[in-house]
Amino acid sequence: MQQQIKLKPLLSLLLGTILLFAMMVIIGKVLIPFIIALILAYVLDPVVSKLENKFKVRRKFSALIFALLVLFLFIAIPAYLIPVLVSQFKVVIHNVPQIIAVINTNVVAKINTQFGTHISLDLDDLKQLVMANQTKITNNLDFVSHLAHNGIIVIEVIVYVILIPFALFYSIINWNNIVRFFDGLIPRSFTEPMHRLFHDVDRMLSAYLRGQMLVMVIMASYYAVGLNIVGLPSGTAIGIITGLLVFIPYLGVLSGLLFAITIGLSQFSGSGNLLAIFIVFAIGHVLEGGLVTPFMVGGRIGLNPVMIIMALMVFGKVFGIVGVLLALPLSTIAVVLLRHAKQYYQNTHYYKEIN
């Protein structure tokens, strides 16, 4: 069945896109806590609805519980992670000369022996620089640690920590009203096709976000347990950070591995522990890519890892932290829009007309 290209829905969609991007550019930073709250409310709404319908738990009670839980996590995780990581940075900085010596002795020497090369690393300047600034760096870390212990880093972060759970509470309570509000903005002449579009977006986006959050929790638990088993100091903290970063393909694993190896070089004398760290991350990477992510997320977003990284970099460059928050949701929506646009275009008279 052929149909004419209708400009009204295209212009409406274009206008909505322009307004969204304009808001991100002009007041993007102000929107951060509200965007986070809306994303969390979107993810949690099915759970809240199920508690309300099946177990008769009033919506405001569920909203209060989830808001308090988010507030607790926002306070507890940084309060635990920052002091632990600061203490490990101090150890690493103090042991930089030993780390350099280990690299020169165990890594560079083995490369020269294996490949017959004569590579030599002159790191005396780096050692002198680190030793000269060791006291200053340590004092700065003490200051950061003091701020972390008192829960005060910057006023802006404190405001976000308080405002996000507050906005989440009211977003969950009024979620149905929010949906009805935006539904009421859709021109009545193409309500049905827009509902089909939103249904596809909701199915893909909700599955991805909820699945990805489960992946983050599972992998954070795995890395925390694995690194503690091999005896790495602060293994729990490094595992949590690695797990939280797995939504960025390869970056989370590589960052966690680099940090773990750096701490391992400053703590372990033998190569067996370092090999164990490599094994933990290798198994974790295979487990995440071959089992956890396919099972929890699958191919629901329709983007390969390179496109995900590119979306994060582009949106982050253009819109800052707001762009990073919205990169994957907007990319998911774009994938669905392109699929519908292709189907719509192929059904038009313009596409099917044969001269």
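What counts and how
- Residues numbered from 1 in each chain as written.
- Predicted model: local features only at pLDDT ≥ 70, side-chain atom pairs only at ≥ 80, totals over all residues.
- Heavy atoms only, no water.
- Helix = DSSP H or I, 4+ residues; strand = E, 2+ residues; numbered from the N terminus.
- Buried < 20%, exposed > 50% of the residue type's maximum accessible area, 1.4 Å probe, protein only.
- Contact = heavy atoms within 4.5 Å.
- Core = buried A, V, L, I, M, F, W, Y, C linked by side-chain atoms within 4.5 Å.
- Patch = residues over 30% accessible without salt bridge, like charges linked within 9 Å, V, L, I, M, F, W, Y side chains within 5 Å.
- Areas by Shrake-Rupley, 256 points an atom, 1.4 Å probe, with all protein chains shown as cover.
- Salt bridge = Lys/Arg side-chain N within 4 Å of Asp/Glu carboxyl O.
- Axes fitted to C-alpha atoms, helices over the stretch in contact; angles between N-to-C directions.
- Parallel < 35°, antiparallel > 145°, perpendicular 65-115°, else oblique.
- Left-handed = near helix turned anticlockwise from the far one by under 90°.
- Nonpolar A, V, L, I, M, F, W, Y, C, P; charged D, E, K, R; others polar.
- Phe/Tyr/Trp six-rings, centres within 6.5 Å; stacked < 30°, edge-to-face > 60°.
- Lys NZ or Arg CZ within 6 Å of the ring centre and 35° of its normal.

1. Re the side chain of Ser 206
- As for its placement among the helices and strands, Ser 206 is situated in helix α8 (residues 191-229).
- On the basis of relative accessible area, Ser 206 is assigned to the buried category, the value being 8%.
- In contact with Ser 206, not counting residues within four places along its chain, are Tyr 42 and Val 201.

2. Brief notes about the nonpolar core
- In terms of nonpolar packing, the biggest core is built from 66 residues, with Leu 168, Ile 172, Leu 227, Leu 232, Ile 277 and Phe 281 touching the most fellow members.
- Of the residues forming this core, the biggest block, 12 residues, is contributed by helix α1 (residues 7-54).
- Those residues within four positions of Ile 172 in sequence are excluded, and the remaining contacts are Ala 41, Leu 44, Val 48, Arg 59, Ala 63 and Phe 66.
- Judged by nonpolar contacts, the second largest core, of 8 residues, contains Ile 186, Phe 190, Leu 197 and Val 336.

3. Describing a nonpolar patch on the surface
- On the surface, a nonpolar cluster with roughly 580 Å² of combined accessible area is contributed by Met 23, Val 25, Ile 26, Ile 27, Val 30 and Phe 34.
- Tracing the chain through its elements places Val 25 in helix α1.
- Given the relative accessible area of 57%, Val 25 is considered exposed.

4. Focus: the packing of α8 against helix α11 (residues 271-296)
- Where α8 meets α11, the closest approach of the two axes is 10 Å, and the angle between their N-to-C directions is 160 degrees. Classified by the interaxial angle, the pair formed by α8 and α11 is roughly antiparallel. Handedness of the α8/α11 crossing: right-handed. On the side of α8, the interface is formed by Ala 207, Gly 211, Leu 214, Val 215, Ile 218, Met 219, Tyr 222, Tyr 223, Gly 226 and Leu 227, while α11 contributes Ile 277, Val 280, Phe 281, Ile 283, Gly 284, His 285, Leu 287, Glu 288, Val 292, Thr 293 and Met 296.
- Counted by class, the contact of α8 with α11 contains 15 nonpolar, 5 polar and 1 charged residues.

5. Some words on the packing of aromatic side chains
- Taken as a whole, this structure holds 8 aromatic pairs when the rule is applied.
- Ring plane angle 50 degrees and centroid distance 6.2 Å describe the contact between Tyr 42 and Trp 175, whose orientation is recorded as tilted. Separated by 133 residues along the polypeptide, Tyr 42 in helix α1 and Trp 175 in helix α7 (residues 175-184) bring together distant segments of the chain.
- Judged by relative accessible area, Trp 175 falls into the buried class, the value being 13%.
- These aromatic residues form a ring-pair network of at least three members: Phe 21, Phe 315 and Phe 319.
- It is Arg 210 that lies over the ring of Tyr 42; its NZ or CZ is 5.5 Å from the centre.

6. Observations regarding the packing of α8 against helix α13 (residues 321-346)
- Between α8 and α13, whose axes approach to 9 Å, the crossing angle comes to 140 degrees. Classed by the angle they form, the pair α8 and α13 counts as oblique. When the axes of α8 and α13 are compared, the crossing they make is right-handed. From α8, Arg 196, Leu 197, Asp 200, Val 201, Met 204, Leu 205 and Tyr 208 reach across to α13, where they touch Leu 328, Pro 329, Thr 332, Ile 333, Val 335, Val 336, Leu 337, Arg 339 and His 340.
- Class assignment for the residues of the contact of α8 with α13 results in 11 nonpolar, 2 polar and 3 charged.

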